[in-house]
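These are the residues of each chain, in order.
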Amino acid sequence: MMILPTAYMAPEAWYKAFFEADNVQIEVQESFVKQTFRNRCLIHDIQGHEVTLTVPVLKVEHKQLTRDVQVSYQQHWQHQHWMALRSAYGKSPYWDYYADFFAPFYTRQTKWLLDLNEGLHDVIVRLLHNRPNEQLARLAHTTTFMQADLEHFWGNGTSILDSLMDLGPTAQTA
């Protein structure tokens, strides 16, 4: 069994680990760790620069469990994220096809960070499963990741969305 932390539009390495494992459990009982992919992701803008998208959360108490972290809507982060995604991927070959799958997450409010991440994860997995089986095998083909090493490995890992929007059902991640 592999235990993975929750992630906001996780990096490709997270999805490689997810698809490679026979049994995956998302850790919700851990203490929430700030400044990680639990509430942020990296994408590339149209010029190729990395852009960090962060979901603001309500004040996190010391050693607050990840399952208890609530999303904050004091800022207009949903609009900002949607505009960043549209700007980064609007001219990509698969934006028109995939945008409608993601749009609801940027128009409705979700109370819990875990629910937001899980909803986005479900959409991404459905889109990845639309790939031919050999493409899924290539996505999950190489490395076994240890739980403790994942966050370090993700240090500059961009979201799976970069590949998904550019390559769609033929996406391959190295």
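Everything in this summary refers to the structure shown in the same document. If you're wondering where the values come from, they're calculated on a predicted model, not measured in any experiment.

Scoring rules and cut-offs
- Residues numbered from 1 in each chain as written.
- Predicted model: local features only at pLDDT ≥ 70, side-chain atom pairs only at ≥ 80, totals over all residues.
- Heavy atoms only, no water.
- Helix = DSSP H or I, 4+ residues; strand = E, 2+ residues; numbered from the N terminus.
- Polar contact = N/O pair within 3.5 Å; in protein donor to acceptor, adjacent residues only side chain to side chain.
- Pairing = 2+ DSSP bridges.
- Right-handed = clockwise from strand over helix to strand, strands pointing away.
- Axes fitted to C-alpha atoms, helices over the stretch in contact; angles between N-to-C directions.
- Left-handed = near helix turned anticlockwise from the far one by under 90°.
- Contact = heavy atoms within 4.5 Å.
- Nonpolar A, V, L, I, M, F, W, Y, C, P; charged D, E, K, R; others polar.

This part is about the side chain of Thr36. As for its placement among the helices and strands, Thr36 is situated in the loop between β2 (24–27) and β3 (40–44). Of the polar contacts made by the side chain of Thr36, one reaches the backbone oxygen of Val33; its length is 3.0 Å.

To continue, consider the pairing of strand β1 (residues 2–5). Both β1 and β2 contribute to a ladder of four bridges, which runs parallel. Residue pairing in the sheet places Met2 in a bridge with Val24 of β2. Assessed by its sense of winding, the connection that carries the chain from β1 through helix α1 (residues 12–20) to β2 is right-handed.

Backbone geometry at Met9 places phi at a positive 45 degrees, although glycine is not the residue there. Here Met9 is to be found in the loop between β1 and α1. Although it is not a glycine, Gln35 sits at a positive phi angle of roughly 55 degrees. Mapped onto the elements of the fold, Gln35 is located in the loop between β2 and β3.

Another point: the packing of helix α3 (residues 95–102) against helix α4 (residues 113–128). At a minimum axis distance of 10 Å, the contact between α3 and α4 shows a crossing angle of 150 degrees. The crossing of α3 and α4 is right-handed. Facing Tyr98, Phe101 and Phe102 of α3, the residues of α4 in contact are Leu120, Val123, Ile124, Arg126 and Leu127. Looking at the contact of α3 with α4 residue by residue, the class counts come to seven nonpolar, no polar and one charged.

Note that all results are geometric; they support no functional claim without further evidence.
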